[in-house]
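Working through the structure, step by step
Next come the chains, spelled out residue by residue.
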Amino acid sequence: MKKVFSRVQFSKVFGLSLLLLLTFLSTSVIAQDEAEPAADLGGDPVAGKQLFNQNCAACHALNRKMTGPALANVEQRLYDDEGLEKEWLYAWIKNSPGMIKSGDAYANKIYAEYNQAAMTAFPTLSNADIDNILAYTAAPAPAPVVVPPTDGGGNSGNGDSNGISNEIILGALALVFGLLVVMLILVNNTLRRIAEANGVEVVKVNAEKRTPIWKAFIQNQFLVLCAVVVLLLSSAYFAYSWMSQIGIDQGYAPVQPIHYSHKIHAGDNKIECKYCHSSARVSKHSGIPSLNVCMNCHKSIYDYKGNPEGPTADDLANGYTNEFYTKEIKKLYKAVGWDEENQKYTGESQPVEWVRIHNLPDFAYFNHSQHVEVGKIECQTCHGPVEEMEIMYQYSPLTMGWCINCHRETEVQVSDNGYYEKIHNELSKKYGVDKLTAAQMGGLECGKCHY
């Protein structure tokens, strides 16, 4: 009877405890929901972000002035400061020029404050679209993503434990090695004592005196002659190899005053090489891009957001963080004299002393336009995978032999190329081929490249 009573009592206690626990949890959840109600932004911030990036991001940012004012929490700020309702924003976004012409006070105030920069009208945006955009501007900023520190090998979190275990293993091996040395010394001393106790005398055997190797070598004239010949030939080979590398700077990667990542611009953002190096189309030189070309984009791109997946382990190891790239953009602003706050040039510019990477001798002639525009040669043919280079370096040796070999192997693209039409017809008859190489078109003549 006692066993049955205990089981029933336990079941009652267990059931009552479970009921109290569920009641406590439900009360906590309800209290939490009441304490932290979800903010009603009046729209969908996710959809609003996409609309903002498509229509607004070229001229506006959330937390700083650009071509237009900052838009963070713009609906609430306009209501608090100017007493303007959301309907005013609807009208302004859909037809800003019309509101300026109608004499609206605040519309004309903004128009004058931002140097009379006309805002594009968006009549196709519905009120729901604008609500989504305003919800995005009113949404709290996301918490910054903290990247866990990584060691050089790309491991995170377990680096210390691996380091400790390695140190323990090395210490144990050192201890074992020390014990072996001590044991060998003790064994040696013991054997000597045993030999002395048995009357055995340990005598060092003196080796017979022999002729030193260097004397024997000198006395053999044939070996001396062979050695001299080998030495002269080796010296000539190494001297020729050293002198043939003079002026060859393959792999040269100087540090520039402003860090420019071709990997980000040409790789991630797919910017065409000739957008910046526009002179390559019409000149023998590719040209150094003007800083105004940089400002075409960086008036709006004032900080580096990075890739969506975050920096790689190699980037972190080299210090290429978002903050690093943002500091380099600030150097650009200082050089061109750009006032971020007021979005205008101050007139106080500074020259940027770029370090030249590719440098041909003065007696060698190379024309970029002939290769790029007429020959249709890709930039990567000579400069390597530029879109993968964080720091630009000289990819090819740029030697005479390298150029000649390229002329011998490269077929000239003559199809639909009026420049080569006449010469192609004549040379095709001469060589009896349909396709011509640069060498067959005179690419090996000395006067083509040397004055």
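Counting restarts for each chain, with residues numbered from 1 along the sequence as it is written. Selection of residues for local features in this predicted model requires a pLDDT of at least 70, selection of side-chain atom pairs for listing and counting requires 80 or more, and totals for whole chains, interfaces and linings are taken over all residues. Water and hydrogen atoms play no part in the side-chain values, which are based on all heavy atoms of the structure.

Description of the overall build of the protein chain
Going along the chain from the N terminus, every DSSP run of H or I of four or more residues is numbered as a helix, and every run of E of two or more is numbered as a strand. Along the protein chain, the regular secondary structure elements total 21 helices and two strands. Across the protein chain, the fraction of contacts at a sequence separation of at least 24, relative to all contacts at a separation of at least 6, is 65%. Throughout, a residue-residue contact means that at least one pair of heavy atoms, one from each residue, lies within 4.5 Å.

Section: the state of the cysteines
By definition, disulfides here are pairs of cysteine sulfur atoms that lie within 2.5 Å. What the rule picks out here adds up to zero disulfides. Its sulfur unpaired, Cys273 is 4.1 Å from the next cysteine sulfur, which belongs to Cys379. Here Cys294 is not cross-linked by a disulfide; its sulfur's nearest cysteine counterpart is in Cys276, at 6.6 Å.

Some remarks on the pattern of salt bridges
If the charged atoms of two oppositely charged side chains come close together, the side chains can form a pair. A side-chain nitrogen of Lys or Arg and a carboxyl oxygen of Asp or Glu constitute a salt bridge if their distance falls within 4 Å. What the rule picks out here adds up to eight salt bridges. Note that Glu82 is salt-bridged to Lys109, the shortest N-O span being 3.7 Å. Highlighted residues: Glu82 in helix H3 (residues 74-82) and Lys109 in helix H6 (residues 105-113), separated in sequence by 27 residues. Taking the relative accessible area as the measure of exposure, Lys109 reaches 46% and is therefore partly exposed. Between Lys305 and Asp303 there is a salt bridge, and its shortest N-O distance comes to 3.4 Å. Partly exposed describes any residue whose relative accessible area lies between the buried limit of under 20% and the exposed limit of over 50%, with all areas from a 1.4 Å probe on protein chains only and scaled to the type maximum. Lys305 gets classed as exposed once you look at its relative accessible area, which sits at 62%. Among the ionic contacts, a cluster of salt bridges with common partners joins Arg64, Lys330 and Glu340.

As for the confidence of the model for the protein chain
The predictor attaches a confidence to each residue, called pLDDT, with possible values from 0 through 100. Scored by pLDDT, the protein chain has a mean of 82; 84% of the residues are at 70 or more. Note that pLDDT drops below 50 for residues 1-22; the model gives that stretch zero contacts with residues more than four away or on any other chain. Low confidence marks residues 152-161, where pLDDT is under 50. Its contacts with residues over four positions away, or in another chain, come to seven contacts.

Digging into a nonpolar patch on the surface
What makes a patch is a set of residues exposed beyond 30% relative accessible area and free of salt bridges, joined within 9 Å when like-charged and within 5 Å when nonpolar (Val, Leu, Ile, Met, Phe, Trp, Tyr). Throughout, the Shrake-Rupley method with a 1.4 Å probe supplies accessible areas, and for residues the shown protein chains are the sole cover considered. A contiguous nonpolar patch, built from Trp214, Phe217, Ile218, Phe222, Leu223, Val224, Val228 and Leu232 and spanning about 800 Å² of accessible area, is present on the exposed surface. Considering each element in turn, the nonpolar patch owes the most residues, five residues, to helix H10 (residues 221-244). With respect to the element layout, Leu232 can be found in helix H10. Exposure remark for Leu232: the relative accessible area of 57% places this residue in the exposed category.

Brief notes about the packing of aromatic side chains
Pairing of aromatic rings covers Phe, Tyr and Trp, the last counted by its six-membered ring, and requires centre-to-centre distances within 6.5 Å; plane angles under 30 degrees mean stacked, over 60 mean edge-to-face, and any other angle means tilted. Under the criterion given, the structure shown has nine aromatic pairs. When the centroid spacing of 5.5 Å and the interplanar angle of 75° are considered together, the rings of Tyr237 and Phe238 count as edge-to-face. Tyr237 gets classed as exposed once you look at its relative accessible area, which sits at 53%. Judged by its relative accessible area of 58%, Phe238 falls in the exposed class. Centroid distance Tyr320 to Phe324: 5.5 Å. Interplanar angle 50°. Geometry classified as tilted. You can call Tyr320 buried: its relative accessible area is 13%.

Remarks on the nonpolar core
Membership of the largest hydrophobic core comes to 24 residues, with the highest contact counts inside it found for Leu78, Trp88 and Trp92. Taken together, the elements giving at least two residues each to this core come down to helix H2 (45-55), H3, helix H4 (86-94), helix H5 (96-101), H6 and helix H7 (127-138). It is H4 that provides the largest number of residues to this core, a total of five residues. Other than its neighbours up to four places away in sequence, Trp88 contacts Leu78, Met99, Asp104, Tyr106 and Ala107. In this text, buried Ala, Val, Leu, Ile, Met, Phe, Trp, Tyr and Cys residues form a nonpolar core when linked through side-chain atoms within 4.5 Å.

Observations concerning H2
All of the buried residues along H2 are Gly48, Leu51 and Phe52. Seen from one end, H2 has its buried residues packed into an arc of 105°, which puts them on one side. Of the residues in H2, the exposed ones pointing more than 90 degrees away from the buried face are Val46, Gln50 and Gln54. Tucked inside the fold, the buried residues of H2 contact H7. Directions are taken from the helix axis to each C-beta atom, and the arc is the one they span.

Points about the packing of H4 against H7
The description of two packed helices rests on the angle between their axes and on the distance between the axes. Where H4 contacts H7, the two axes come as close as 11 Å, and the packing angle between them is 105°. As the angle between them shows, H4 and H7 are arranged roughly perpendicular. For the pair H4 and H7, contact is made by Lys86, Leu89, Tyr90, Ile93 and Lys94 and by Asn127, Ile130, Asp131 and Leu134, respectively. Each residue belonging to the contact of H4 with H7 can be placed in one class, and the counts come to five nonpolar, one polar and three charged. Structural elements are reduced to axes, namely lines fitted to C-alpha atoms, with helices fitted over the stretch in contact, and the angle between N-to-C directions of any two is expressed from 0 to 180 degrees. Oblique is the label for every angle not falling under 35 degrees (roughly parallel), over 145 degrees (roughly antiparallel), or within 65 to 115 degrees (roughly perpendicular). Just so you know the grouping, Ala, Val, Leu, Ile, Met, Phe, Trp, Tyr, Cys and Pro go in nonpolar, Asp, Glu, Lys and Arg go in charged, and all remaining residues, Gly too, go in polar.

Some details on the environment of Tyr325
As for its position among the elements, Tyr325 is in helix H15 (residues 322-336). Along the sequence, Tyr325 and Lys305 sit 20 residues apart, while their C-alpha atoms lie 9.2 Å from each other. In contact with Tyr325, not counting residues within four places along its chain, are His259, Ser261, Ile264, Tyr304, Tyr320 and Glu390. Here a polar contact is recorded for every N or O atom pair within 3.5 Å, except that within protein the pair must consist of a potential hydrogen donor and a potential acceptor, and residues adjacent in sequence are included only if both atoms are side-chain atoms. Reaching out from Tyr325, the side chain makes a polar contact with the side chain of Glu390 at a distance of 2.7 Å.

Some thoughts on the side chain of Thr137
Tracing the backbone shows Thr137 in helix H7. Take Thr137: its relative accessible area is 5%, and that puts it in the buried class. A polar side-chain atom of Thr137 sits 2.7 Å from the main-chain carbonyl oxygen of Leu134. When near neighbours in sequence (up to four residues on either side) are disregarded, Thr137 contacts Phe52, Leu62, Leu71, Ala72, Asn73 and Val74.

What about unusual backbone geometry?
In the Ramachandran plot, Lys270 falls in the positive-phi region, its phi being about 60° despite a non-glycine side chain. Structurally, the position occupied by Lys270 is in the loop between helix H11 (262-268) and helix H12 (273-276). Owing to a relative accessible area of 68%, Lys270 belongs among the exposed residues under this scheme. Positioned with a positive phi, Leu398 is a non-glycine residue whose angle comes to about 60°. Mapped onto the secondary structure, Leu398 falls in the loop between helix H17 (379-383) and helix H18 (400-409).

Examining H4
Since the α-helix turns once every 3.6 residues, residues separated by three or four places project in the same direction. Within the sequence span of H4, burial applies to Trp88, Leu89, Tyr90, Trp92 and Ile93. The elements touched by buried residues of H4 are H3, H5, H6 and H7.

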